[in-house]
Amino acid sequence: MKALVLAGGSGTRLRPFSYSMPKQLIPIANTPVLEHVLRNILDLGVTEIGVIVGDRAPEIHQALGDGSRFGAQLTYIQQEAPLGLAHTVAIARDFLGDDDFVMYLGDNMLPEGIVGIAEEFAAHRPAAHVVVYKVSDPRAFGVAELGPGGEVLRLVEKPQQPRSDLALMGVYFFTDAIHEAVEAIEPSARGELEITDAIQWLVSAGADVRASQYEGYWKDTGNVEDVLECNQHILENLRPSVAGEVDDASVLAGPVVVEEGARIVRSHIEGPAIIGAGTVVEDSHIGPHTSIGRGCAITGSRVEYSIALDGASVTGVQGLRSSVIGRSASVGTTGQSTDRYRLVVGDHTRVEVAA
């Protein structure tokens, strides 16, 4: 089996961060979403992975390299324009060959993994096997209608009157039968080759198409609120470790990771929390549910339920909560502030809050 990871989306809902970095590289618990995705795929025993990239290809290539540090072999496949999920299958045809493959959206977080579903696909090898999730409002998703045995009866993309609450969640298993379906369909009204149309073509042709309902935690990290929620969830399973320096005047409470080269000075770190390599935290309170990236400086501040990306600095802000601070951004005050702030600060941006 091979894998096809889709990392070409522009991430308009994650602005301002997606102006300066691919949305798939947003860190969750100090690890880019794409790395979480790759590790889920490697857990399946799949090492040949095609990565669909768009105009942010150089940044993704720089972050992932050739895959050797993960134990994978990555092949980058350029998609010149966002022409649909089925279009990515078409342009990856040479890479995929006639092999079975898993297709995985690169901004999906499924921390419990998909090993059981992969085993189910391997055991029965239907033409397509989709993963669905029960949602409260299916109108924003592709929706699957299932028979009593888990067979897919019908797929509809973003229906205004859904006949099911089972949404396609961006993980699909295919045999080579999908290639004929992709060749047979036409672009949708929005000008894209829809993977739902290709799978529906298989259903209409009488092929065996099945579904599994995912019961674990799932988050599409498409906006800031979802990124923060997902970060909190992943941190809940944090294993504490201290490789950096913690002085005698500091306290670590609960599961805390202090990475190599980080320094904690006269501060209180309340887990779950991660302090990235090379970061200095001084006279501050960090956490809970907070990830501080690498090379950051947090001074005289209180930061909780937040994410600070690499190189960020926070000075004199005593109430930073549910915030995301971009790479090399800085947040300060016009004086000593005790108010609470919820900030979303883009990369390389300077913000001062009123005291």
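Look up: the structure comes first, before these words.
The rules behind these values
- Residues numbered from 1 in each chain as written.
- Predicted model: local features only at pLDDT ≥ 70, side-chain atom pairs only at ≥ 80, totals over all residues.
- Heavy atoms only, no water.
- Phe/Tyr/Trp six-rings, centres within 6.5 Å; stacked < 30°, edge-to-face > 60°.
- Helix = DSSP H or I, 4+ residues; strand = E, 2+ residues; numbered from the N terminus.
- Buried < 20%, exposed > 50% of the residue type's maximum accessible area, 1.4 Å probe, protein only.
- Lys NZ or Arg CZ within 6 Å of the ring centre and 35° of its normal.
- Salt bridge = Lys/Arg side-chain N within 4 Å of Asp/Glu carboxyl O.
- Pairing = 2+ DSSP bridges.
- Contact = heavy atoms within 4.5 Å.
- Axes fitted to C-alpha atoms, helices over the stretch in contact; angles between N-to-C directions.
- 1 Å grid on protein atoms, 1.4 Å probe; cavity = no way out; pocket = protein on both sides within 12 Å on 5 of 7 lines; lining within 4 Å.
- Points joined across faces, edges and corners; volume = space filled by probe spheres on them.
- Nonpolar A, V, L, I, M, F, W, Y, C, P; charged D, E, K, R; others polar.
- Core = buried A, V, L, I, M, F, W, Y, C linked by side-chain atoms within 4.5 Å.
- Polar contact = N/O pair within 3.5 Å; in protein donor to acceptor, adjacent residues only side chain to side chain.

Enquirer: Break down the packing of aromatic side chains for me, citing the residues and quoting the values.
Expert: By the definition in use, this model includes five aromatic pairs. Consider the rings of Phe-101 and Phe-174, whose centres lie 5.3 Å apart with planes at 45 degrees: the pair is tilted. One end of the pair, Phe-101, is in strand E6 (residues 101-105); the other, Phe-174, is in strand E11 (residues 166-174), with 73 residues separating them in the sequence. A single burial state applies to Phe-101 and to Phe-174, both of which are buried. On the numbers, 6.1 Å between centres and 55 degrees between planes, the contact of Phe-141 with Trp-218 is tilted. On the criterion of sequence distance, the pair formed by Phe-141 in the loop between strand E8 (128-134) and strand E9 (142-146) and Trp-218 in the loop between strand E12 (209-213) and strand E13 (219-220) is long-range, its members being 77 residues apart. Look at Phe-141 and you get partly exposed, because its relative accessible area is 25%. For the cation-ring pair, Lys-2 lies above Phe-95, with the distance from its terminal atom to the ring centre recorded as 5.1 Å.

Enquirer: An account of the pattern of salt bridges is needed here, citing residue identities and associated values.
Expert: A complete count under the given rule lists 22 salt bridges for this structure. Here Asp-208 makes a salt bridge to Arg-210, at a shortest N to O gap of 3.2 Å. Of the residues examined, Arg-210 reaches a relative accessible area of 27% and is grouped as partly exposed. A salt bridge links Arg-294 to Asp-310, with the shortest nitrogen-to-oxygen separation between them at 4.0 Å. On the criterion of sequence distance, the pair formed by Arg-294 in the loop between strand E23 (290-292) and strand E24 (297-299) and Asp-310 in the loop between strand E26 (307-308) and strand E27 (313-315) is long-range, its members being 16 residues apart. What makes Arg-294 partly exposed here is its relative accessible area of 35%.

Enquirer: Can you explain the sheet that holds E23? Please cite residues and give values.
Expert: Read across the open sheet, the seven strands follow the order E14-E17-E20-E23-E26-E29-E31; overall the sheet is parallel. Strand pairing shows two members of the sheet lacking a second neighbour, strand E14 (241-242) and strand E31 (344-345), which therefore form its edges. Summarising the sheet, E14 and strand E17 (residues 256-258) pair through two bridges and their orientation is parallel. Paired with Ser-241 across the two strands is Val-257, which belongs to E17. Contacts from helix H9 (residues 224-235) reach strand E20 (273-275), E23, E26, strand E29 (324-325) and E31 within the one sheet, and its direction differs from that of E23 by about 95 degrees.

Enquirer: Tell me what's going on with the pairing of E8, and back it up with residues and numbers.
Expert: By the criterion of burial, E8 is predominantly enclosed, with five of the seven residues buried. With six bridges connecting them, E8 and E11 associate as antiparallel partners. Its bridge partner lying in E11, His-129 is registered against Phe-173.

Enquirer: If you had to explain the layout of surface pockets to someone new, which residues and values would you point to?
Expert: Its volume calculated, the second largest pocket comes out at about 380 Å³. If you go around the second largest pocket, you meet 17 residues; those closest to its centre are Met-21, Leu-25, Pro-32, Arg-294 and Asp-310. The greatest single-element share of the lining of the second largest pocket, amounting to three residues, is contributed by helix H3 (residues 57-64). Looking at the lining of the second largest pocket, its residues break down into eight nonpolar, three polar and six charged.

Enquirer: Any chance you could break down the nonpolar core for me, citing the residues and the numbers?
Expert: One finds Ile-49 and Phe-173 to be the most contacted residues of the largest nonpolar core, which totals 53 residues. Elements with a contribution of two residues or more to this core: strand E1 (2-7), helix H2 (33-42), strand E4 (48-53), H3, E6, helix H6 (115-124), E11 and H9. Once residues within four sequence positions are removed from consideration, Ile-49 is found in contact with Ala-3, Val-5, Leu-38, Ile-41, Ala-72, Gln-73, Leu-74, Thr-75 and Phe-95. Counting 34 residues, the second-largest nonpolar core is a separate cluster that includes Leu-4, Leu-6, Val-182 and Ile-185.

Enquirer: Can you break down the environment of Ser-323 residue by residue, with the values?
Expert: Note on placement: Ser-323 falls in the loop between strand E28 (320-321) and E29. When the C-alpha atoms of Ser-323 and Ile-307 are compared, they prove to be 6.4 Å apart, with 16 residues separating the residues in sequence. Not counting chain neighbours up to four residues away, the residues in contact with Ser-323 comprise Leu-228, Tyr-305, Ser-306, Ile-307, Tyr-341, Arg-342 and Leu-343. At 2.7 Å, the side chain of Ser-323 and the backbone nitrogen of Leu-343 are in polar contact.

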